[in-house]
Amino acid sequence: MKLVHLLYVILLFLFSCKQKTEHNKSLEKITDSIMSPKTEFKSVYIFGETDDLMAFKHINIIDYSNFNGGKPQRQNLIKDSNSIKITLDSIKSPKIMEMMMFGKKFYNTRIFVTQGDSIHLTLRNGKIQFKGTNSNHYKFYQELDSLNNQWSTIRYNDDFEDYKKKSNELYQKRSGFFENYIVTHKVSEQFINQFRADLKFEYQYNLIAPRTIKDSYTNTYLNDLDGFTTILENQNKNVENGFLNLNSYFNDIKIEDFNRQDLINNDYFKRCLTLYIRFYFTQQDYVVYNMHNFNTEINYINNNLKGEIAQFAKAKVIEDYYKKGFGHDKTSLLRLKKEIEKYSNENQNPSYTEAVREIEDELNVVNFIIPNNILNEKLLSVKGDTISFKDLLQSKKHSKFIAFWTLEDSSNNYCNRCIDHLTEIKNFQSTSNNYNTEWIFISLTETKQWYKDLNLLNSNKFKISHYKFLGKISDSKALNYFKVIHKNFSNFKYIELPRYIILDKANNVIYNSVPKVLDGKIFKNLLQK
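Quick look at the structure, then. Values in this document were obtained by computation on a predicted structure and should not be read as measured data.

Where helix α6 (residues 160-184) contacts helix α7 (residues 189-208), the axes come no closer than 10 Å and their chain directions differ by 170 degrees. Classed by the angle they form, the pair α6 and α7 counts as roughly antiparallel. In this structure, α6 uses Y163, K164, S167, N168, Y171, R174, S175, F178, E179, Y181 and I182 to contact α7, whose residues at the interface are F191, I192, F195, R196, L199, K200, E202, Y203, N206 and L207. Grouping the constituent residues of the contact of α6 with α7 by class yields 11 nonpolar, 4 polar and 6 charged.

Put into structure tokens, the structure is as follows:
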């Protein structure tokens, strides 16, 4: 049960807590395409039956044509106790999509979807089965992943030669299964091209993001996106000394391998794109997120990539650098805004543009004075007293680190990462006096649930000032101002939880979204500025 619960909260968070919302203008463009008589789309239908009632209650279809994945546009679900009907009206071209379900256990597979498909899914006795006109397109990964050839079973142990050997052997096994599958099963040429590339870039991804992280609950190994950072801090020196032959290790991959517009909707292709630009193609002397490397990556993309591939790569570079702290000081702020302005003026994929504009919105409040209508908002203290946001920030002797968080809200949405991060913050508190920082945590949950959460936190002896917002979360001007929530008509969604901001001693917003609190080096640098 520990494993099921862990997978449930982590993966449900990824697509509940952290999933980006769509901008109204993007929706307008989508509406225009629906109304246009020039384009006709055939709907994709997914019919499902199950004996695991929770599985269909928490089902996610992931469309990687969106910037960071997420659910498909124009998806309609009809559910009852043991069956489901899903209609997808935005499938323009054949693509690999991911399906996740959270029930008695975690179910996960990938399917190849084509316009007009009618997919019949049966989930019984813990097993997924597919039927339909193109059933061979749906069950490939289900059959592949049932074998003992999983990436999560291999680990990098400080030996790249050994890791490369194990990775290559695993790739050959998976690729061999695929080649036999397309001989014994009737599949389309598009299926063959997409899955052959998917397996290749899955392999390349595991090389560029070595599996260095052990999950003690599942006894499996996870990718570390920064795994190459320490090795390539001085790439030229490492190569000269024969420490690592990058050409051989990366299978002599070339930038031309990424100029494939037919793979723009492929998950592993997109994962690899900016990682290979950063760690391999641009040959950066030091892999740090500074002005020089930002310009290097943007210029490299402009000179070597085309069309939507280039559009995605630039948006990803902007996002990656922002999350690492670029744009959080005066100089890099101006550079990042300039690049975003240029990007927004180009005709881009709406989901790419929206992701970049959300970063622009966050940059617009850096170093801004908090407006009076925000300062007048009321909060509740642990003692039951009402206090204004302004009174909460009355100290002029300390900078303020403010965290917005929740463990469980009225919709039973969990944020397990909030507790993980609070635990890490506790480790920083032993040195917090050096930064002269006041720690303030503001809960977004209901009062009754808040007190339950505090009991858990108090058991860990956190030395933090705790408050919660009064009234409806959707009506909070402060949460909208700090981009904690996004309002869409009468609804709202959390943009990201937990979310952290840093104010200076004069209560100016220095950082509206601390990029990665679990990255100790970056976190401490932010507090020192």
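In space, the 3 strands of this open sheet follow the order β2-β5-β6, with antiparallel pairing throughout. The sheet is open, and its two edges are formed by β2 (59-62) and β6 (106-113), each paired on a single side. Each neighbouring strand pair of the sheet contributes to a mean axis angle of 20 degrees, computed without reference to strand direction. Pairing geometry for β2 and strand β5 (residues 95-102), over 4 bridges, is antiparallel. The residue of β5 that forms the bridge with I59 is M101.

For the structure on display, the rule yields 17 salt bridges. Across the salt bridge formed by D145 and R174, the nearest N and O atoms sit 3.6 Å from each other. Of the two residues, D145 sits in the loop between α5 (140-144) and α6 while R174 sits in helix α6, which places them 29 residues apart along the sequence. Judged by its relative accessible area of 30%, D145 falls in the partly exposed class. A relative accessible area of 2% means that R174 is categorised as buried. Among the ionic pairs, E297 bridges to R278, the shortest N-O distance being 2.9 Å. Here R278 lies in helix α10 (residues 267-281) and E297 lies in helix α11 (residues 291-304), a separation of 19 residues in the sequence. R278 sits in the buried class, given a relative accessible area of 2%.

Rules behind the numbers
- Residues numbered from 1 in each chain as written.
- Predicted model: local features only at pLDDT ≥ 70, side-chain atom pairs only at ≥ 80, totals over all residues.
- Heavy atoms only, no water.
- Axes fitted to C-alpha atoms, helices over the stretch in contact; angles between N-to-C directions.
- Helix = DSSP H or I, 4+ residues; strand = E, 2+ residues; numbered from the N terminus.
- Parallel < 35°, antiparallel > 145°, perpendicular 65-115°, else oblique.
- Contact = heavy atoms within 4.5 Å.
- Nonpolar A, V, L, I, M, F, W, Y, C, P; charged D, E, K, R; others polar.
- Pairing = 2+ DSSP bridges.
- Salt bridge = Lys/Arg side-chain N within 4 Å of Asp/Glu carboxyl O.
- Buried < 20%, exposed > 50% of the residue type's maximum accessible area, 1.4 Å probe, protein only.

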